[in-house]
Amino acid sequence: MSAELIDGKQIAADVRERVAAAVSVFEAKTAETPGLAVVLVGEDPASQVYVRNKGLATVKAGMRSIEKRLPANASEEEVVSLVRALNADNAVDGILVQLPLPSHIDANRVINEIDPSKDVDGLTEASAGRLLLGKQGLVPCTPQGSVILAKTVRKDLGGLNAVVIGRSILVGKPLSLLLLAENCTVTMAHSRTSNLADVCRQADILCAAVGCPKMIKGDWVKPGAIVIDVGINRIEEDGKSRLVGDVDFDAAVERAGAITPVPGGVGPMTIACLLRNTVIAAARRRGLADPEL
Ligand code: GUN
């Protein structure tokens with residue numbers, strides 16, 4: 001039997017639509033429009049595309065996009081000064097510093113300059129700490145999107161065994177904490193985990209965030225499991241270049257209950273959740289209740 005496909009493109013479109021509705025409600029209450037500032041340092045081609053897409057999606061959701069560009073040779077102090085100016089600007093509700101930054105700049109320092117109330121990427125130490133402590137804060141976008149996708153399959157994840165493979169700061173660690181907050185029993189697996197295949201076979205929810213093409217084999221998937229594949233890997237196959245996930249999709253789809261495709265699974269959720277965080281940040285900064293999302 002073939003698994004249900006979790007349509008990340010459609011679910012992300014639904015999230016963006018709810019964000020746009022929340023923006024209208026926000027504007028009616030405050031006569032203001034939420035604003036998202038994206039900082040790009042240098043001319044990395046991939047980053048330029050990401051920043052452009054984020055700006056377009058922001059405007060499409062009815063919000064203001066503020067794009068700030070600095071040359072590749074900008075000093076760390078210049079980037080920090082820009083972040084401080086955005087912190088002080090009341091018309092800015094969210095700040096995202098596009099990564100990677102040029103190697104002469106300490107990305108950790110720059111990120112931690114962001115006012116946590118505007119940290120729509122959820123990457124500051126303050127945001128990470130709040131997530132760990134179970135306090136209200138802004139949650140990193142890709143893990144947030146992953147949980148939203150899993151919950152479209154099963155509204156209540158409580159009591160399920162979740163296995164997260166990968167312990168990165170951007171995805172694996174925050175995703176584990178979010179699943180814990182959903183009352184899952186969470187196993188954090190990684191490159192040093194013994195008997196990884198057996199660990200995976202215990203998973204009712206299997207999340208792969210390792211950055212290794214097709215590493216998770218079909219027979220590692222518990223029959224009926226929800227499989228969330230965060231990986232996006234470009235490979236050459238049969239003389240063609242294509243994107244694949246961390247999961248061997250063709251085999252896993254025969255055992256899973258539901259599975260995210262790559263592309264079109266977790267990927268589209270990241271920008272949708274960035275917009276979601278921006279309208280949430282805008283509301284909280286004005287002491288309003290969280291928007292209905
Ligand atoms: N570069 C690639 N992905 C991301 C992301 O999610 N946030 C930031 N700030 N930079 C990125």
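Once that is clear, we can look at the site of the ligand. Near the ligand the following residues occur: Leu96, Val97, Gln98, Leu99 and Asp121. Within the contact set of the ligand, a nitrogen atom lies 2.7 Å away from a backbone nitrogen or oxygen of Val97. For the ligand, a nitrogen atom lies 2.9 Å from a polar atom in the backbone of Leu99. Out of a free accessible area of 280 Å², the ligand has 75% covered by protein chains. Classifying every residue of the shell around the ligand gives three nonpolar, one polar and one charged.

Now for helix α7 (residues 172-181). Inspection of α7 places Gly172, Pro174, Leu175, Ser176, Leu178 and Leu179 among the buried residues, and these make up the whole buried set. On its buried side, α7 packs onto α5 (125-133), α6 (141-153), β5 (161-165), β6 (185-189) and β7 (205-208). Where α7 ends, the next residue or the one after it, Asn183, has phi of about 70 degrees, a positive value.

For the rest of this paragraph, the subject is the pattern of salt bridges. Summed over the entire model, instances satisfying the criterion amount to 14 salt bridges. With its nearest N and O atoms 2.8 Å apart, the salt bridge here joins Glu237 to Arg242. Under the relative-accessibility criterion, Glu237 is labelled partly exposed at 24%. Residues joined in a network through salt bridges with shared partners are Glu32, Asp93, Arg285 and Arg286.

To continue, consider the packing of α6 against helix α10 (residues 267-285). The interhelical angle for the contact between α6 and α10, taken along N-to-C directions, is 105 degrees, at an axis separation of 8 Å. When the axis of α6 is compared with that of α10, the two are roughly perpendicular. Mapping the contact onto sequence places Cys141, Thr142, Gln144, Gly145, Ile148 and Leu149 in α6 and Met269, Thr270, Cys273, Leu274, Arg276 and Asn277 in α10. Tallied by class, the residues present in the contact of α6 with α10 amount to six nonpolar, five polar and one charged.

Rules used in this analysis
Residues numbered from 1 in each chain as written. Predicted model: local features only at pLDDT ≥ 70, side-chain atom pairs only at ≥ 80, totals over all residues. Heavy atoms only, no water. Near = heavy atom within 4 Å. Polar contact = N/O pair within 3.5 Å; in protein donor to acceptor, adjacent residues only side chain to side chain. Areas by Shrake-Rupley, 256 points an atom, 1.4 Å probe, with all protein chains shown as cover. Nonpolar A, V, L, I, M, F, W, Y, C, P; charged D, E, K, R; others polar. Buried < 20%, exposed > 50% of the residue type's maximum accessible area, 1.4 Å probe, protein only. Helix = DSSP H or I, 4+ residues; strand = E, 2+ residues; numbered from the N terminus. Contact = heavy atoms within 4.5 Å. Salt bridge = Lys/Arg side-chain N within 4 Å of Asp/Glu carboxyl O. Axes fitted to C-alpha atoms, helices over the stretch in contact; angles between N-to-C directions. Parallel < 35°, antiparallel > 145°, perpendicular 65-115°, else oblique.

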